[in-house]
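Chain residues, written in single-letter form:
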Amino acid sequence: MNQDLLNQQSQVLYVLREGLWKTCQGLCQKLFAKTNDPFYQFWKAFCLYKTVGVNEAFNELTLIKNKKEFQFATSAAMQFYQSKQRGLDKETLEMCRQMQNDGRKTPNDRAFASTIYFYLFVDEDKKAKEVTQLLSAEQTNNLVVRGWYELLQKDDPVDQNRILEYFQGVGAKLNNKSLDYLLGLAKAAEQAKKYLITLDAINEISIVYKDFSFADFEKIRINMLINDWDQYQDLVSKILYNEPNNILALKAQSFYVLARKGEIKEATDVVDQLLLACTQQEEENIQLLLNMCQLVSRISGRNAQIIQLTIGALTRARKQNPLQADLCLEIALETLMLEDYDRAYDLFKEAAGLDEGRMESLSGMIQCKIEQGVIDESEKQLEFLIEVQQSAGKTPEIAFLQALLENKKTSGTDSQSSLQFLDEALKLHIQESRLVLPGFDFFIKLNPDMLYTMAQLYLRNLSMNTMLAGKENPTSMIGKGTKLLDSIIKQVPGMANATLLLATGKMALGDPQEALKAINKVLVQDPRNEDAYILQSLISIKTGQTNMALNSLNQAISNNFTIRENPLFMLVKGEVEFRSEDYKSAQATLEIVYEYVAGKQKGKVKVSKSKILQFSEKDRCQVFVLLAKAYAKNKKEKEARQIMQKAIVEYTGSPQEGLVMMANSEVSIESGDIKKAINILKAVTSDKPIFQTSRIILADVYLKYIKDRRNYTKCYHELLEAAPTFENYKLLGDALMKINEPHDAVIYYEKAFELNNTDKDIVRVIGNALSLTYDYQRAIKYYEDALAKLPESNELIVDLADLCIRINNTQKADKLLVWETFLPNDYANPDLKVLKANSKAFTLIAKLILKQQQIINNQAQKIDNQKEQQKLMAEGQKLTEKIRKAYELSIVIQKEAIEKSKAESGNVDEEKQQLGKLLYEQSKYYFNIEKNFQLALDCLEQSSKYNPTSENIIQLQAECLYQSNDLIGCEQKLKILSKINPKNDYASMMLSELLLRQDDSERQIQQFLQLLQDKPNSYGTLSKIIEWYRKQNRLEESLKIIENSQKGSQNPNEPGLCFCRGLYYKYKIQPKEALIQFNYAKKNHQYAEESLTHMIDLYLNPDLDLPYSISDEQGKQVNVENLKACEQLLRELQNRGTQQRYTIMQSYVLQASNNQKSIELASNLLTQTLKQNQNSIPAMLALAINKFLMKKQTEGKNLLKMLYTKEKASSGWESEELEKAWLLHAESFIAIQKYDQAEEVLRKILKQNKSCGKAEEFIGLIKEKEQSYQDASNSYEKAFKLSNMKNPTMGFRLAFNYFKAKRNVECINVCKQILEINPNYPKLQQEILSKHANNYPSVALLFVNLKHTIFFLLQPYLFF
């Protein structure tokens, strides 16, 4: 056969398979006129049968009945058409049979092939199979026809892989692959889900058969299957560019815009164009129109605009075909989607009249009646339907109707029978859907709209409280419904109603982040969606962002003012106002909604048209509860009691009785009547469903309000007495753990284990509890025994290793944490728990190696031999790579855990958050140990994707940027941190520090003072204000600010407040008081490092003097008790501070011992620290002092010179250390009598810190040496005041210069103050009193008498 003719016939068959009858009719007519081939006339007749009717088709075939070569096919078709006519013409029928017999005698493979296709298109598969036997075996084209028979027949089970192998075998025999063969190969591969083969076949068609205009549409279909939507859209656009009204391309575009994008406005235009094209190009093709309308309506998300378009097109078609039952039934189904139950019922009834055998009509009528609340009649009709369908078996529609009926009968409760019917309906529906091959028709059979309706039933009792609680079990009805919605959205992500309903389910399951993603997606599609804004506000309520919640509600109001008549909206608004502590507004709002649901306007409830957020009975009950609470908060106890009484009367005996009872106890608590609350809760007996809830709440009341631990545990004991189950034993164990009673908790955990020894989780819980008893040997033995029974339990190995690391048993931990045990294995398929344990194992390995590295580094620092030291340092450096590798493996395995969680429908977000935490741990390592701020920032950037609102992550980002001197970036991060948590102390402190760096610091301080008035607990800001006032020599002004903050704090020993008081006392040189405050402050991690540093500094240097005197060439003397206290604080600093801070403070303590070996050890430590961070100001200063102590003055002075060139420090601590360095630098100039240079340094110090007493003292010393006693006394006077007039040495210098300046009265007053501090100050008598006695006898007598009259209570000035 001519190749062109064969290709043309293949195109005709393709168009027939697509159901484009009018298009095919025109094509056949055109080709018949060209070739006079009966093949085209035959198929033109078939198209007439499909569009116009049987008679026209029969008449068309009579024109070619005498064509001998096609007689077999013609006679077969004529027999079929004759059988479909109302009046059977036996004579004609007999004639057709005779013709077919004649045709059989003159075999013609083209006629046989057309007959096979004809029978397949009219669902006569058996006859088609018989004809395949007539095909000659020699012709390769016949092999292709047999392959198409296998693809299109529906009678026999289909082995898709076998058919594909068949086509591939045929292809091996063909010299030239025909179009029909390539299309068959593509279809067989598609059905076998071998999409690459399909794509290759279609690409070959595009190259070889360029005239085949449908190749691009086939590519569209395959791109849809492989989810390559970009290529899909490019191909659609290409076709529509050339043919704007191409039906298949418009169909593909409609699907994409609706199912994938959810763009209703765009979809409305495209669908309208599609339906118009169908009407114009295929005006009598009812089946095509039905197919298009079914596809569009099922994925429309019940959008009224889209469904009105499809109903309009179907209605117009029905006017042409009023007796067509399929049209009437489809209009009825789509009217049902619009919830017009009366109209839908009439249409279903009409469809039933047109075709009595269609069960869909009867089931539709029943569904309408159920939705209208006509329960009894619906139940009878459903029983009849079940009886009729008994022989055919149960259908998903019947199971769904049973579920819907049970739901209506048991409104407000989770009916078990309803759940069973719903599960059955879903199972049957999915089974039926799987029978349809992937493609556009799959979505019609899948019917996302029906799945959405099922999901609604699963979530029917979802209330606002349920969403806010977020404690639903994934296996509950709500969990099942949410899982179903996840599946719907995966297939049809553009369905806005399903996406919003999914958000409600995600919230109920405690996944607000995923819920928010869904809501934001809907708002992108439809910025005016009211339900989305309500849900958005609920998420903001849950996360404590009440301002954002109010913004969302206001946005909903701006879109639709009438939404305020919706009780659910008003309830949410009342909840937001209540949680914002705006109780008066909450009361006003709730009074309005109360009128809607229980007052004068009852019955006027308006619900959202989309029915996403329905006002349930639980929500109505919440109105009573919340209004009563609002009254209680506004001290309207009488009104609160009245509302609660009404609620009790109305809901007693209902499923909401427990909620009301619990609420009544809460209202009693709000009203301060704890006794009544306890009585209400105690009244719940063990036979009530809410008994467990009541006892849990009662236990919390005892613990929170009465601090009664005995009755707290008694409540759980009562639960155990009522039901000694595994769960209750575990609950009691958990309760005991909450009050730090791990010993007793272990007992009950073990009893729980006895009841269920197959639960591996309880084994780990027991181990964890034992580890908290501090009986570590017992805990280790327990883990070892457990591992003996479960040797391959990676979770137990990791738990034991974690315990060993915590108790510094690194040897045992090292034996447990073997890399190979936890490495990913391509052949194994570990479950989620094992993957999580493996990930944690590598995190522990990293921590363990880090400990080993620190030990090696410490050993290296103690060794004098340089080669040995370098060898150890190199060994430590190798461990750095292992630490990095361990962190990387931990992250890789956690990513596997995420994929496993997706596959097992687990809590994917929880695993993603864990990945974020691991990345955060890795970034902390880079920040604290390697000091690689860029790598730390890279890790934090990734971590923030999984925990975008994590304060710890943003805080560390700010610290990295600060250390990298990117102050603008740091400020941006700090502002974000303040926005997330306005009470974040670190953010306020660092912002204060950054702003105080600016020139106009006085203006900035006023802003901070205003901030402290609004938020008195912003202790970070307060600490910076104290430091600023100190540097301005106005420290006393900060005392009032501290007192105001203390008034605004509920806890006078709040760590942040104590830290600020500690700073004040330290700067006032009141070391005892400062130490007490810092001791409280160090309990909080944020203030731990700074507090411990200040405490060590105070023990070493209580009078804030310099740690070394260059003039005296000696360090400050520290008593033994103070050194012991420092050593204890150092141990704490090692665990709670950075390694650099610990090393530097350790060096100061070692140097203060005046032991030569200790000083040398300090030198090694500081040298190593400077190698890691050569710009560390504190390390350079400590090393300079170390050099002076080792009598290496030149090296020490060189370090001081280097420090003098540094203009700014990166933190408050570094700033203080830099000031000390400059003071020592100035003293070094004084020692060599370079007074001008010394004074220049000191003036620079005083410019930055006006309260630097040591700078004033040194200026006084310079002036004294220059014999300028008046100027010297002025400077000494300032220095003495700045020392809080408690430094006798300073006082003596002041008195001496007063004496030299002949200011005798001031001199005597200062002497009096000195004697109050130290009655036996050694130089006072010799240097001043004796000279006064000689020069001014009367004054001396006065002073001596004064001296003898002082009652000395204070001991000599020695701190501790």
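Look up: the structure comes first, before these words.
The rules behind these values
- Residues numbered from 1 in each chain as written.
- Predicted model: local features only at pLDDT ≥ 70, side-chain atom pairs only at ≥ 80, totals over all residues.
- Heavy atoms only, no water.
- Helix = DSSP H or I, 4+ residues; strand = E, 2+ residues; numbered from the N terminus.
- Expected span 1.5 Å × (residues − 1).
- Buried < 20%, exposed > 50% of the residue type's maximum accessible area, 1.4 Å probe, protein only.
- Salt bridge = Lys/Arg side-chain N within 4 Å of Asp/Glu carboxyl O.
- Phe/Tyr/Trp six-rings, centres within 6.5 Å; stacked < 30°, edge-to-face > 60°.
- Lys NZ or Arg CZ within 6 Å of the ring centre and 35° of its normal.

A.B. asks: Whenever I open this one, helix H66 (residues 1212–1231) confuses me. Can you help?
C.D. replies: Each α-helix winds once per 3.6 residues, and so residues spaced three or four apart point in a common direction. Compared with an ideal rise of 1.5 Å per residue, which puts 20 residues at 28 Å, H66 spans 29 Å between its outermost C-alpha atoms and is within 8% of the ideal. Taking burial as the measure, the 20 residues of H66 include 17 buried ones, the bulk of the element.

A.B. asks: What is the right way to read the pattern of salt bridges from this model?
C.D. replies: Working definition: two side chains of opposite charge can pair if their charged atoms are close together. Under the defined criterion, the tally for this structure stands at 64 salt bridges. Between Lys 409 and Glu 406 there is a salt bridge, and its shortest N-O distance comes to 3.6 Å. In this pair, Lys 409 and Glu 406 both sit in helix H23 (residues 396–409), three residues apart, roughly one turn of the helix. Measuring nitrogen to oxygen at the nearest pair gives 3.2 Å for the salt bridge that ties Lys 1082 to Glu 1132. With Lys 1082 in the loop between helix H59 (1071–1081) and helix H60 (1085–1100) and Glu 1132 in helix H61 (residues 1120–1136), this residue pair connects regions lying 50 residues apart in the sequence. Owing to a relative accessible area of 23%, Glu 1132 belongs among the partly exposed residues under this scheme.

A.B. asks: Mind showing me how you'd approach unusual backbone geometry here?
C.D. replies: Trans is the prevailing form of peptide bonds, just as negative phi is the prevailing case for residues other than glycine. Although it is not a glycine, Asn 36 sits at a positive phi angle of roughly 55 degrees. Relative to the assigned elements, Asn 36 resides in the loop between helix H2 (21–35) and helix H3 (38–51). For Asn 36, a relative accessible area of 43% translates into the label partly exposed. You will see that Glu 581, though not glycine, has its phi angle at about 65 degrees, which is positive. Secondary-structure assignment places Glu 581 in the loop between helix H33 (567–579) and helix H34 (583–598).

A.B. asks: Explanation requested: the packing of aromatic side chains in the structure shown.
C.D. replies: Each pair of aromatic rings is reported with the distance of its centres and the angle of its planes. Under the criterion given, the structure shown has 51 aromatic pairs. A centroid spacing of 5.8 Å and a plane angle of 65 degrees characterise the contact between Tyr 1064 and Tyr 1065, whose relative ring orientation is edge-to-face. Overall, Tyr 1064 belongs to the buried group, its relative accessible area being 6%. The ring of Tyr 1204 has Lys 1244 sitting right over it, with the charged end atom 4.3 Å from the ring centre. When the ring centre of Trp 1222 is taken as reference, the NZ or CZ atom of Lys 1244 above it lies at 4.5 Å.

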